[in-house]
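Overview (structure and organization)
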Amino acid sequence: MIGFGPTGWGGLLLVAALMTLCVTAVALLIGAILGSLVAWAKLSGSRILRTIGGTYTTVFRGVPELLIIYLVYFGGSSAVTAIGTAMGYEGFLGLPSFAAGALAVGIISGAYQAEVFRGAYLAIPKGELEAAQAIGMNRSLRFRRIIGPQVFRFAIPGIGNVWQLSLKDSALVSVTGLADLMRTSQVAAGSTRQHFLFFIVGGCLYLILTSFSDRIFTSAEKRANRSMPTSLGQA
Amino acid sequence: MDIDFMISTMKTLLAALPMTLALFALSVFFGGILALVIVWMRVSGNAAARNFAKGYIFIFRGSPLLIQMFLIFYGLGQFGFIRYSFLWPALREPFVCAVLSLALCTAGYSAEIFRFGLRAIPAKEIEAARSIGMSGFLLTRRILAPIAFRHALPAYSTEVVMMVKSTALASLVTVWEVTGVAQRLIAQTYRTMEVFLCAAIIYLLLNFLILQAMSLLEYKLTPHRRAAPLFPVPQR
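This one's a predicted model, so the numbers in the text were calculated from it and none came from an experiment. (Residues numbered from 1 in each chain as written. Chains lettered and ligands numbered in written order. Predicted model: local features only at pLDDT ≥ 70, side-chain atom pairs only at ≥ 80, totals over all residues.)

Right, let's get into the overall build of chain A. Along its length, chain A carries 8 helices and 0 strands. Walking chain A from its N terminus toward its C terminus, one meets helices and strands in the order α-α-α-α-α-α-α-α. Projected onto the principal axes, the alpha-carbon positions of chain A cover approximately 70 × 55 × 25 Å. Across chain A, contacts joining residues at least 24 apart in sequence account for 74% of those joining residues at least 6 apart. (Helix = DSSP H or I, 4+ residues; strand = E, 2+ residues; numbered from the N terminus. Contact = placed C-beta atoms within 7 Å.)

For the rest of this paragraph, the subject is the overall build of chain B. A count of helical and extended segments in chain B gives 11 helices and 0 strands. Put simply, chain B runs from its N terminus to its C terminus through helices and strands in the order α-α-α-α-α-α-α-α-α-α-α. In terms of C-alpha radius of gyration, chain B reaches 22 Å, well past the compact-globule figure of 18 Å for 236 residues. Taking the principal axes of its C-alpha atoms as reference, chain B extends roughly 65 × 60 × 30 Å. With 236 residues in all, chain B has 35% of them scored as buried. (Rg over C-alpha atoms; globule rule 2.2 N^0.38 Å. Buried ≥ 20, exposed ≤ 12 C-beta atoms within 10 Å, placed from the backbone.)

To continue, consider the nonpolar core. With 117 residues, the main nonpolar core has Leu67(A), Ile68(A), Ile69(A), Ala104(A), Leu66(B) and Ala199(B) as its most contacted residues. The residues contacting Leu66(B), other than those within four sequence positions of it, are Ala171(A), Leu172(A), Met182(A), Leu169(B) and Leu172(B). (Core = buried A, V, L, I, M, F, W, Y, C linked by C-beta atoms within 7 Å.)

Looking now at the UniProt feature "domain: ABC transmembrane type-1" (unreviewed entry) in chain B. As annotated in UniProt, the feature "domain: ABC transmembrane type-1" (unreviewed entry) corresponds to residues 13-214 of chain B in the numbering used here. Strand forms 0% of residues 13-214 of chain B and helix 82%; the C-alpha atoms that close the span are 25 Å apart. (UniProt positions renumbered as here; feature names shortened; annotations may be inferred.)

Detailed conclusions should not be drawn from predicted coordinates in areas where pLDDT is low. Chain-level statistics for chain A give a pLDDT mean of 88 and a share of 93% at 70 or above. By mean pLDDT, the top-scoring element of chain A is helix 4 (residues 97-122) of chain A (93), and the lowest-scoring one is helix 3 (residues 65-86) of chain A (87). (pLDDT = per-residue confidence, 0-100.)

Attention shifts here to the interface of chain A and chain B. Residue-level contacts link 31 residues of chain A with 28 residues of chain B. At the level of secondary structure, the elements contributing two or more residues to the side of chain A that touches chain B comprise helix 2 (47-62), helix 3, helix 7 (181-192) and helix 8 (195-224) of chain A. For the side of chain A that touches chain B, the element with the most residues is helix 8 of chain A, which contributes 10 residues. The residue makeup of the side of chain A that touches chain B, split by class, is 18 nonpolar, 11 polar and 2 charged. (Nonpolar A, V, L, I, M, F, W, Y, C, P; charged D, E, K, R; others polar.)

Once that is clear, we can look at unusual backbone geometry. Glycine aside, negative phi is the norm for most residues, and most peptide bonds take the trans geometry. Phi at Arg193(A) is positive, roughly 65 degrees, even though this residue is not glycine. Within the secondary structure, Arg193(A) is located in the loop between helix 7 and helix 8. Of note, Thr174(B) is a non-glycine position whose phi angle comes to about 65 degrees, a positive value.

Bringing the UniProt feature "transmembrane region" (unreviewed entry) in chain B into the picture now. As recorded in UniProt, the feature "transmembrane region" (unreviewed entry) lies at residues 20-43, 55-75, 95-114 and 195-217 of chain B. Counted over residues 20-43 of chain B, helix gives 96% and strand 0%. Its end C-alpha atoms are 33 Å apart.

Given 3.6 residues per turn, any residue in an α-helix points the same way as the ones three and four places further on. Over its 26 residues, helix 4 of chain A extends 37 Å from the first C-alpha to the last, a length consistent with the 38 Å expected when each residue adds 1.5 Å. Gly110(A) marks where helix 4 of chain A bends most, by close to 25 degrees. (Expected span 1.5 Å × (residues − 1). Bend = angle between axes of the 7 residues up to and from the residue.)

Once that is clear, we can look at the packing of helix 3 of chain A against helix 10 (residues 178-189) of chain B. Relative placement of two packed helices is described by the angle separating their axes and the distance separating the axes. Remark: helix 3 of chain A packs on helix 10 of chain B, axes separated minimally by 10 Å, with the N-to-C direction vectors making an angle of 10 degrees. Taken together, the axes of helix 3 of chain A and helix 10 of chain B lie roughly parallel to each other. For the pair helix 3 of chain A and helix 10 of chain B, the contacting residues are Leu66(A), Leu67(A), Tyr70(A) and Phe74(A) in the first and Thr179(B), Ala182(B), Gln183(B) and Ile186(B) in the second. For the contact of helix 3 of chain A with helix 10 of chain B, the class distribution of residues is 6 nonpolar, 2 polar and no charged. (Axes fitted to C-alpha atoms, helices over the stretch in contact; angles between N-to-C directions. Parallel < 35°, antiparallel > 145°, perpendicular 65-115°, else oblique.)

Moving on to the environment of Ala200(B). Take Ala200(B): it is sitting in helix 11 (residues 192-221). Of the residues examined, Ala200(B) has 19 C-beta atoms within 10 Å and is grouped as partly exposed. Spatially, the C-alpha atoms of Ala200(B) and Ala182(B) are 10.0 Å apart, while their sequence positions differ by 18 residues. In contact with Ala200(B), other than residues within four places in its own chain, are Val59(A), Val63(A) and Leu67(A).

Moving on, we come to the confidence of the model for chain B. Residue and element names in this part refer to chain B. Confidence along chain B averages 89 in pLDDT terms, with 96% of residues attaining 70 or more. The least confident element of chain B, judged by mean pLDDT, is helix 5 (residues 80-83) at 77; the most confident is helix 2 (residues 17-42) at 95. Model confidence for the complex: the whole-complex pTM is 0.87, and ipTM, which rates the interface, is 0.85.

The subject of this paragraph is the packing of helix 3 of chain A against helix 11 of chain B. For the pair helix 3 of chain A and helix 11 of chain B, the least separation of the axes is 9 Å and the interaxial angle reads 165 degrees. When the interaxial angle is binned, helix 3 of chain A and helix 11 of chain B end up roughly antiparallel. For the element pair helix 3 of chain A and helix 11 of chain B, the recorded crossing hand is left-handed. Contact with helix 3 of chain A, carried on its side by Leu67(A), Leu71(A), Phe74(A), Gly75(A) and Ser78(A), involves Thr192(B), Met193(B), Phe196(B), Ala199(B) and Ala200(B) of helix 11 of chain B and no other residues of that element. Across the contact of helix 3 of chain A with helix 11 of chain B, the residue classes tally to 7 nonpolar, 3 polar and no charged. (Left-handed = near helix turned anticlockwise from the far one by under 90°.)

Further remarks concern helix 2 of chain B. Residues and elements named next belong to chain B. With 26 residues, helix 2 ought to run about 38 Å at 1.5 Å a step, and its terminal C-alpha atoms sit 36 Å apart, in line with that. The set of residues buried in helix 2 consists of Met19, Thr20, Leu23, Phe24, Ser27, Val28, Gly31, Ala35, Ile38, Val39 and Arg42. In this structure, the buried residues of helix 2 make contact with helix 3 (47-62), helix 7 (94-119), helix 9 (136-166) and helix 10.

Residue and element names in this part refer to chain A. Following the sequence through the fold, Asn138 ends up in the loop between helix 5 (126-134) and helix 6 (139-169). Residue Asn138 is classed as exposed on the basis of its 9 C-beta neighbours within 10 Å. It is 26 Å that separates the C-alpha atoms of Asn138 and Gln113, two residues lying 25 residues apart in sequence.

What follows is the structure in C-alpha cells.
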C-alpha cells in the first residue's frame, strides 16, 4: 500500500515531502527578508523602530503558530476578496494555500530569524567595526565587507535551528488543504483506514528531512568556519 | 473596530481558557517527569538505556507534534488489542490523547535541556561530593539536581512557553481550547483580525505571566549570583 504504482501511496508521499520542502524553503526566504528588516529595526537608534521590531518578535513568537496560519489564510483571503470586489469581481476569492502557508510560516520564522541576526550582529567584535570606520569605509562598504560576511557566518547554527522549526511548523499548513506531507499522510490514512501505518511513514519521512538537513547545516557551519581557529566550543 | 464584538469574543475565548490551562499544566507535569526518566537513561552507563533515550529524543524532536498527535488519536484505535484493553476508555478521549502526545513530545525536548544542565556541572563539584562519600541518590539530590536545574531553567522556560503554544494543536483533535474556539469564531463571523487580536492578547498575557514566574523562580534559586549587599547584614 505504500508501494509505488497506481494503487500505492509511495509516489504521492514523496511528492508531498517535496512540497513540504518547497513550502519551508520559500518560508525561510520570506523569513530571512522579514527577519533582517526586523533585526535592523531592533538595532536602530530610533525608538519607534525598536518598539515595532520588539512587538513583531514578541507577538509572532508568543502566539500559537496555528493561530497565525488562520490569520494569514482567512485574513489574506478576505483581503484578496476585497481587492477582487474593488476590481469588479463578484464573489469569494481564496488565497492559494501554498502562498498563505509559506507566508504564515515565513512570518513566524522571520521573528526567530530576527533574533538570530541580531545576536550574530552583536557577536561581531566592536573593534572590527571601529577599525573599518577608522580606515574610512563608508556604510555600504562596511556592510558588504565586514558586517555581512560575519553575520552570515555567526548566523548559520541559528538559521539551522529556525529551519528545523519551520519544517515542523509547515506541517500545520495542512489545515489550509495544501497537499504537503502531513496532509497527504492524513488523506492516505483516512482513505485506506490504515491510520497507524501512514502516520508512521509520514513521521519517518519528516525524520529523514530533519536529520538530513541537520547534516547539511553542520557541514555548512564547518565550511564557513574553515579559516577560523578551532579552539573554543568546537569539537 | 467594533468594541462590543471584541468584548463578546473575549468572553467566548476566555471560557475556553481553562481547557488550554488544563492541557498545559498536565502535559508539562507529566512531560517533566518523563523527561527526568529519559535524561536518567541518557546519561546512564547502560548502553541499551542510553540508546533507547537517544532514539526517543531523535524521534520526538525530529518529527512534527501534529503527526505524533494524529498517530496517537487516530492510529492507536485501529488495533484490536488496544480497543479491547482497559486503556481504551481513556485513550478514546481526545483530551487524554492530546495530553499524552504533548507530554511525550515535550519530554524529548526537556530531556535535552536537562542534559545540557547536567553537563554544565563542574566536574570538581562532583568529585568533591564523591570524595566526602556522597553517592547515588544523595549526590543527585544535594549536588546534581539543584545545580543542573538552575542551569537548565532559562532554556526550560522557553520550552514551557513553547508548550503553551503547542496546546493549540489539540484543537485539531477536537479539544475545544482557545485556538479552536477562535477558529470557529473566525469561520462564523469572517472577522479574522478582531478574533486574532483577542486570542493573541490571551496567549501573550499567559506567556508573559509564565515567563515572569520563571524568572522570579530563577532569581530566588540563585542568590549566589546576585551582587553582595553593600553593607554586611548584621548576624543575629
